[in-house]
Amino acid sequence: MTDTKPYEQYLWSPKRAEYEAKEIPEDLDCIFCAQADGDDRVSFLPVYEDDFLMVELNIFPYNTGHLMVVPKRHVNSMTDLSDEERNRLFSMVQRVEELQREAVDPAGIDVGMNIGKAAGESIPHLHVQLVPIYEKDRGFMETSLDTKVMKESLKDTQEKYKEHAEILDEYW
Ligand SMILES: [Zn+2]
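The name that an unreviewed UniProt entry assigns to the protein chain is HIT family hydrolase, with the source organism given as Candidatus Nanohalobium constans.

Here you go:
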């Protein structure tokens, strides 16, 4: 892992207002399960959704274009997935790589999972993160001030992905 870590703060450089993330309700057990249930108290910026999984933007991105592939069923380990669920999940991860190459033209993509708190897990519901890496990602703000400069709003990124979302069709 090189550039991909949570930042202390963000500086949104696009003129249009940044996306207003909703406060997470206190009685919520799991934010991904709430999204899967259509609970509109939680923020959700999907690119794709079906009965098995969701592909969505991370609202606190490590970089512009950060996507997550999330099975709807609440599991917190890969060992909890059936063979079919595992294959289906990673079939989508493969498509999402293609989507990112097409839509945001990264120099590389950091693909990862954090299983367990000790591994940096913030939500104990299995998800695969795909973080695009661009040339010249880290400037003074990132290196010295732990502030990520975001050059594009989340809504604009979501639109960019949706324009190419046919790449995800029939992934399984
Ligand atoms: Zn869950």
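This is not the end of the story, as more comes after the structure.
Draft legend 1. Inspection of the pairing of strand E2 (residues 46-49) at higher detail. Across 3 bridges, E2 lies against strand E3 (residues 53-57) in antiparallel orientation. Bridging from a neighbouring strand, Tyr-48 pairs with Val-55 of E3. Counted along the chain from E2 to the antiparallel partner E3, the turn is 3 residues long.

Draft legend 2. How the structure looks around a nonpolar patch on the surface. Nonpolar side chains collect at one region of the surface, where Met-78, Phe-90 and Ile-115 lie side by side and expose about 240 Å² of accessible area between them. By the secondary structure assignment, Phe-90 is in helix H2 (residues 83-104).

Draft legend 3. Molecular detail of the coordination of the zinc ion. Protein-derived coordination of the zinc ion comes from Cys-30 (SG), Cys-33 (SG), His-74 (ND1) and His-125 (ND1), at a distance range of 2.0 to 2.2 Å. If you look at the zinc ion, its 4 donor atoms make angles of 101 to 117° with each other, and the shape they trace is tetrahedral. One chain supplies every donor to the zinc ion, and in sequence these donors are spaced C-x2-C-x40-H-x50-H. Of this pair, Cys-30 sits in the loop between strand E1 (9-12) and helix H1 (31-36) while His-74 is found in the loop between strand E4 (67-71) and H2, placing the two residues 44 residues apart along the sequence. Taking relative accessible area as the criterion, His-74 reaches 40% and is therefore assigned partly exposed.

Draft legend 4. Layout of the UniProt feature "domain: HIT" (unreviewed entry) in the protein chain. Listed under "domain: HIT" (unreviewed entry) in the UniProt record, and renumbered for this structure, are residues 31-140. A distance of 33 Å separates the end C-alpha atoms of residues 31-140, which is 26% helix and 23% strand.

Analysis parameters
Sequence order as written defines residue numbering, which begins from 1 separately in each chain. This being a predicted model, a pLDDT of at least 70 is required before a residue's local features are given, and a value of 80 or more before pairs of side-chain atoms are given or counted; all residues contribute to the totals for chains, interfaces and linings. Each side-chain value is worked out from all heavy atoms of the structure, with water and hydrogens disregarded. The pairing criterion is simple: DSSP has to find at least two bridges between the two strands. A helix here means a DSSP run of H or I that spans at least four residues, while a strand means a run of E at least two residues long, and both kinds are numbered starting from the N terminus. Each patch is built from residues lacking any salt bridge and having more than 30% relative accessible area; the joining distance is 9 Å for like charges and 5 Å for nonpolar side chains (Val, Leu, Ile, Met, Phe, Trp, Tyr). Using a 1.4 Å probe, accessible areas were evaluated by the Shrake-Rupley method; residue-level cover was limited to the displayed protein chains. Here a salt bridge means any side-chain nitrogen of Lys or Arg lying within 4 Å of a carboxyl oxygen belonging to Asp or Glu. Each metal's donors comprise the N, O and S atoms found within 2.8 Å of it (within 3.2 Å for Na, K or Ca). Water is not part of the atom list, so some coordination spheres may appear incomplete. A four-donor site is classed as tetrahedral when every donor-metal-donor angle falls between 85 and 135 degrees; four donors are called square planar, and six octahedral, when trans pairs exceed 155 degrees and all remaining angles lie between 65 and 115, with any other arrangement labelled irregular. Partly exposed residues are those whose accessible area sits between 20% and 50% of the maximum for their type, while under 20% is buried and over 50% is exposed, using a 1.4 Å probe and protein chains only. UniProt positions are given in the numbering used here, feature names are shortened, and annotations may be inferred rather than shown by experiment.

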